Amino acid sequence: MKLGVVVLAAGLGTRMRSATPKVLHRIAGRPLVGWVLAALEGVDPVHTVVVVGHGADDVTAVLPDGVATAVQERQLGTGHAASVGLNALDAACDTVLLLCGDTPLLRAELITELVGMHAGSGRAVTMVSADLDDAGAYGRVLRDGAGEVTGVVEAQDATPGQLAITEINAGIFVFDRAALAAALGQVGSKNAQGEMYLPDTLPLVGGPIGALRSADPDVVAGVNTRVDLAACEAAIQARLREELMLAGVTMPDPSGVYVDHDVTVGQDTVLLPGVHLRSGTTVGEGCTIGPDCVLEGCAVGDGASVTAAHAFSSEIGPAAQVGPFAYLRPGTRLAESGKIGTFVETKNARIGRKAKVPHLSYMGDVEIGEGSNIGAGNITANYDGFRKHATRIGARVKTGSDCVFVAPVTLGDDVMTGAGSIITDDVPDGALGIARARQAVIEGFTAKAVAKAKAANDSGGH
Ligand code: UD1
Ligand code: CA
């Protein structure tokens, strides 16, 4: 058996009421069609074709390498889409697995079981069905007196009696390729939607119709509306959280944790409520993340603690501390045991081992050496209105509160700066940089001011 896969993903998804093609709507950071393709991991197909139409270029752009596309110019129905896909499928494939691009809860185990059941069965087709309490708009599976499947009727075409059937067509089939091609040639479009229905091929392929009745109705759920999208998101979040917890991650309130599909979290890390770990994020072992964090494209080292922070494309080193109330913009690299504290924004900032930026600062386009401490309220003035410039701060530097570093500027190692300094010139190793007006002290000023005000009052002023 040489297996090919055709995924139907050309529809706009009218019921989504969206400018975005349905299969590009995301769940846990991955487009719907990506979830469907991920379920193929157990079956190793020879060739995979995704049938695209609405937003064809955008859909094609998200597909993994090695997946081909076929364009269905007009959406004439799932049967028509299947024939478009079949025409593009490698001629070597004698068996074809047909999937819809809008069923993100699909499991690799189900696909593997279906393909296994079909192989060697001698049947021309094996389908997946499921029993739902509310069969809604799904196609209903028709069976004869002996319990054999005879076909599928779409909800729009069903009689009230057929609508009462709770066994539904999941839209997942394995066909003998030649039998499917021949049957598609005979399918018409005389139905409520005026479309070529793929399930209409079932009685035409010849011989008994195999059916794998899924024990878990959820895995076949299709996304047709945003309500379905939210329900599938919830189901996938529950799955991802469960996988993490079983791998040794603590979540006192799992319902308050959101993770994208590709996130990894090490053992004994605690994820507190309000944590969103988005695509490209890896968290090490023994960390505490949250409450209230958004991390996207971040690498967090072992033993780090991150509280109430938003961080994007950043590295947080082992045993480092971030937050509360920190904003790490792309290119922030906080080394081991470093600290980015409260009301601190960083961007393109390399902060060395044990270096600290504890309070109320903006550090952009900056390099800070090992063990340095940045005073409260320090700012890198990195933008002159035209271009960005760099600030270099050496190791073991201690800056006073409220300093501004007017870039480009360099501070050597072991430098100190006076509080309130506007540093415009380089400060060499071991020196103090101070730049502020000298303070004047006027003795007895307050008493004189009071006397003056009193005199003005007595002469009739207010
Ligand atoms: C389809 C089935 C229904 C089944 C349900 C399971 C048909 C006629 N009906 O209904 O029996 O219970 O799936 O989820 O097959 N598509 C194309 N080109 C087209 C039409 C559709 O590529 O011309 C794609 C869509 O993008 C979608 C998939 O096929 O990914 C299914 O189409 P959809 O309109 O969602 O079918 P349902 O009404 O859900
Ligand atoms: Ca659907």
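Quick caveat, the model's predicted, so the values are computed rather than measured. Throughout this description, residue numbers start from 1 for each chain and increase along the sequence as written. Chains and ligands are labelled by the order in which they are written, letters from A for the one and numbers from 1 for the other. Where local features are concerned, this predicted model is filtered to residues with pLDDT of at least 70; where side-chain atom pairs are given and counted, the filter is 80 or more; whole-chain, interface and lining totals use all residues. Side-chain descriptors were evaluated using all non-hydrogen atoms of the structure, hydrogens and water having been removed beforehand.

Participant: Outline the site of ligand 1, listing residues and values.
Facilitator: Neighbouring ligand 1 are 23 residues, the closest being Gln72, Gly77, Thr78, Glu154 and Asn169. Polar contacts, as counted here, are pairs of nitrogen or oxygen atoms within 3.5 Å of one another; within protein the pair requires one atom able to donate a hydrogen and one able to accept it, and residues that are adjacent in sequence qualify only if both atoms are side-chain atoms. Lys22 is positioned with one of its side-chain polar atoms (N or O) 3.4 Å from an oxygen atom of ligand 1. A run of DSSP states H or I qualifies as a helix once it reaches four residues; a run of E qualifies as a strand once it reaches two. Both are numbered from the N-terminal end. Of all the secondary structure elements, the ones that give two or more residues to the shell around ligand 1 are β1 (3-9), α3 (78-88) and β10 (167-176). Each residue is assigned to one class: nonpolar for Ala, Val, Leu, Ile, Met, Phe, Trp, Tyr, Cys and Pro, charged for Asp, Glu, Lys and Arg, and polar for all the others, Gly among them. Tallied by class, the residues present in the shell around ligand 1 amount to ten nonpolar, nine polar and four charged. Put simply, a residue is near a molecule or strand once any heavy atom of it comes within 4 Å of that molecule or strand.

Participant: Can you tell me about the coordination of the calcium ion (ligand 2), naming the residues and giving the values?
Facilitator: Donor atoms (N, O, S) are those found within 2.8 Å of the metal centre, with the cutoff raised to 3.2 Å for Na, K and Ca; water is not part of the atom list, so apparent gaps in a site can occur. The coordination sphere of the calcium ion (ligand 2), as far as protein atoms go, consists of Asp102 (OD) and Asn224 (OD1), spread over 2.4 to 2.7 Å. You can see Asp102 sitting in the loop between β6 (95-100) and α4 (108-118) and its partner Asn224 sitting in the loop between β11 (209-214) and α7 (226-246), a full 122 residues away along the chain.

Participant: Let's hear about the sheet that holds strand β35 (residues 432-433): which residues, and what values?
Facilitator: Pairing between two strands requires that DSSP report at least two bridges joining them. The strand order across the open sheet built from three strands is β30-β33-β35, with neighbouring strands paired in parallel fashion. Each having just a single partner strand, β30 (398-399) and β35 make up the two edges of the open sheet. Where β30 and strand β33 (residues 416-417) come together, two bridges link them in parallel fashion. The residue of β33 that forms the bridge with Thr399 is Thr417.

Participant: Please set out the packing of aromatic side chains residue by residue, giving values where relevant.
Facilitator: Two descriptors summarise a pair of aromatic rings, namely the distance from one centre to the other and the angle between the planes of the rings. We call Phe, Tyr and Trp rings a pair once their centres come within 6.5 Å, taking the six-membered ring for Trp, and we label the pair stacked below 30 degrees between planes, edge-to-face above 60, and tilted otherwise. By the definition in use, this model includes three aromatic pairs. Ring geometry for Phe312 versus Tyr327: centroids 6.4 Å apart, planes at 90°, classification edge-to-face. You can see Phe312 sitting in strand β21 (residues 309-312) and its partner Tyr327 sitting in strand β24 (residues 326-328), a full 15 residues away along the chain. Given the relative accessible area of 37%, Tyr327 is considered partly exposed. Ring geometry for Phe325 and Phe343: centres 5.4 Å apart, planes at 10°, overall stacked. Of this pair, Phe325 sits in the loop between β23 (321-322) and β24 while Phe343 sits in strand β26 (residues 339-351); the two residues are 18 residues apart in sequence, bridging distant segments of the chain. Exposed residues in this analysis have more than 50% of their type's maximum accessible area, buried residues have under 20%, and partly exposed residues fall in between, with area computed by a 1.4 Å probe over protein chains only. Look at Phe325 and you get partly exposed, because its relative accessible area is 47%. Whether a charge sits over a ring depends on NZ of Lys or CZ of Arg being within 6 Å of the ring centre and within 35 degrees of the ring normal. If you follow Arg30 out to its NZ or CZ, it ends over the ring of Trp35, 4.6 Å from the centre. Over the aromatic face of Tyr383 sits the side chain of Lys388, whose NZ or CZ is 5.4 Å from the ring centroid.

Participant: Which residues make up helix α8 (residues 445-458), and what values go with them?
Facilitator: Between its terminal C-alpha atoms α8 stretches 20 Å, which fits the 20 Å expected from 14 residues at 1.5 Å a residue. Burial analysis of α8 places just zero of its 14 residues in the buried class, which makes it a mostly uncovered element. Gly460 lies just past α8 and shows a positive phi near 95°. What a helix is expected to span follows from its residue count: subtract one and scale by 1.5 Å.

Participant: Before we move on, can you summarise the state of the cysteines with the specific residues and values?
Facilitator: The disulfide criterion used throughout: a pair of cysteine sulfur atoms within 2.5 Å. Going through the model one piece at a time under the given rule, you end up with zero disulfides. Summary of cysteine pairing: Cys93 is not part of a disulfide, and the nearest cysteine sulfur, belonging to Cys100, is at 19 Å.

Participant: Pulling in residues and values, what's your account of the domain arrangement of the protein chain?
Facilitator: Annotation of the protein chain at the domain level lists domain 1 (3-220) and domain 2 (308-433). Segmentation of the chain into domains, including their bounds, is taken from an automatic or database domain assignment. Computed over C-alpha atoms only, the centres of domain 1 and domain 2 are separated by 55 Å.

Participant: Mind laying out the side chain of Lys22, listing which residues take part and the relevant values?
Facilitator: Checked against the element boundaries, Lys22 lands in the loop between β1 and β2 (26-27). Reaching out from Lys22, the side chain makes a polar contact with the backbone oxygen of Val223 at a distance of 3.1 Å. Separated by 3.0 Å, the side chains of Lys22 and Asn224 make a polar contact. Every residue pair with non-hydrogen atoms within 4.5 Å of one another is taken to be in contact. Apart from residues lying up to four places away in sequence, Lys22 is in contact with Gly11, Leu12, Gly13, Met16, Leu32, Asp102, Val223 and Asn224.

Participant: For α3, give the residues involved together with the corresponding values.
Facilitator: Most of α3 is tucked away: eight of the eleven residues are buried. Restricting attention to buried positions, one finds in α3 the residues Gly79, His80, Ala81, Ala82, Ser83, Val84, Gly85 and Leu86. The inward-facing, buried residues of α3 abut β1, β4 (47-52), β5 (67-71), β6 and α6 (177-184).

Participant: Could you give an account of the nonpolar core, with specific residues and numbers?
Facilitator: To form a nonpolar core, buried Ala, Val, Leu, Ile, Met, Phe, Trp, Tyr and Cys residues must be joined to one another through side-chain atoms within 4.5 Å. In terms of nonpolar packing, the biggest core is built from 58 residues, with Leu271, Leu277, Ile289, Ile316, Val322 and Ile368 touching the most fellow members. In terms of residues, this core owes the most to one element, α7, which gives five residues. Both of domain 1 (3-220) and domain 2 (308-433) provide at least three residues apiece to this core. Ala39, Val50, Ala56 and Leu110 belong to the second-largest nonpolar core, a separate cluster that totals 35 residues.

Participant: Tell me about the packing of α3 against α6, residues and numbers included.
Facilitator: Relative to each other, α3 and α6 sit at 130°, their axes nearing to 10 Å. When the axes of α3 and α6 are compared, the pair comes out oblique. Crossing geometry of α3 relative to α6 is assigned as left-handed. On the side of α3, the interface is formed by Gly79, Ala82, Ser83 and Leu86, while α6 contributes Arg177, Leu180, Ala181 and Leu184. Its residues assigned to classes, the contact of α3 with α6 comprises five nonpolar, two polar and one charged. Comment: axis = line fitted to C-alpha atoms, over the contacting stretch for helices; angle = value between 0 and 180 degrees taken between N-to-C directions. Throughout, the term roughly parallel applies to angles under 35 degrees, roughly antiparallel to angles over 145, roughly perpendicular to angles from 65 to 115, and oblique to all others. For any helix crossing, the convention is left-handed if the near helix is rotated counterclockwise from the far helix by under a right angle, and right-handed if that rotation is clockwise.

Participant: Got a sec to walk through the pattern of salt bridges? Specific residues and values, please.
Facilitator: Any two side chains of opposite charge can pair, given that their charged atoms come close. When a carboxyl oxygen of Asp or Glu is within 4 Å of a side-chain nitrogen of Lys or Arg, the pair counts as a salt bridge. By the definition in use, this model includes eleven salt bridges. In this structure, Glu345 engages Arg329 in a salt bridge whose closest nitrogen and oxygen atoms are separated by 2.6 Å. With a gap of 16 residues between them, Glu345 in strand β26 and Arg329 in the loop between β24 and β25 (333-334) connect regions that are remote in the sequence. Taking the relative accessible area as the measure of exposure, Glu345 reaches 26% and is therefore partly exposed. Given the relative accessible area of 23%, Arg329 is considered partly exposed.

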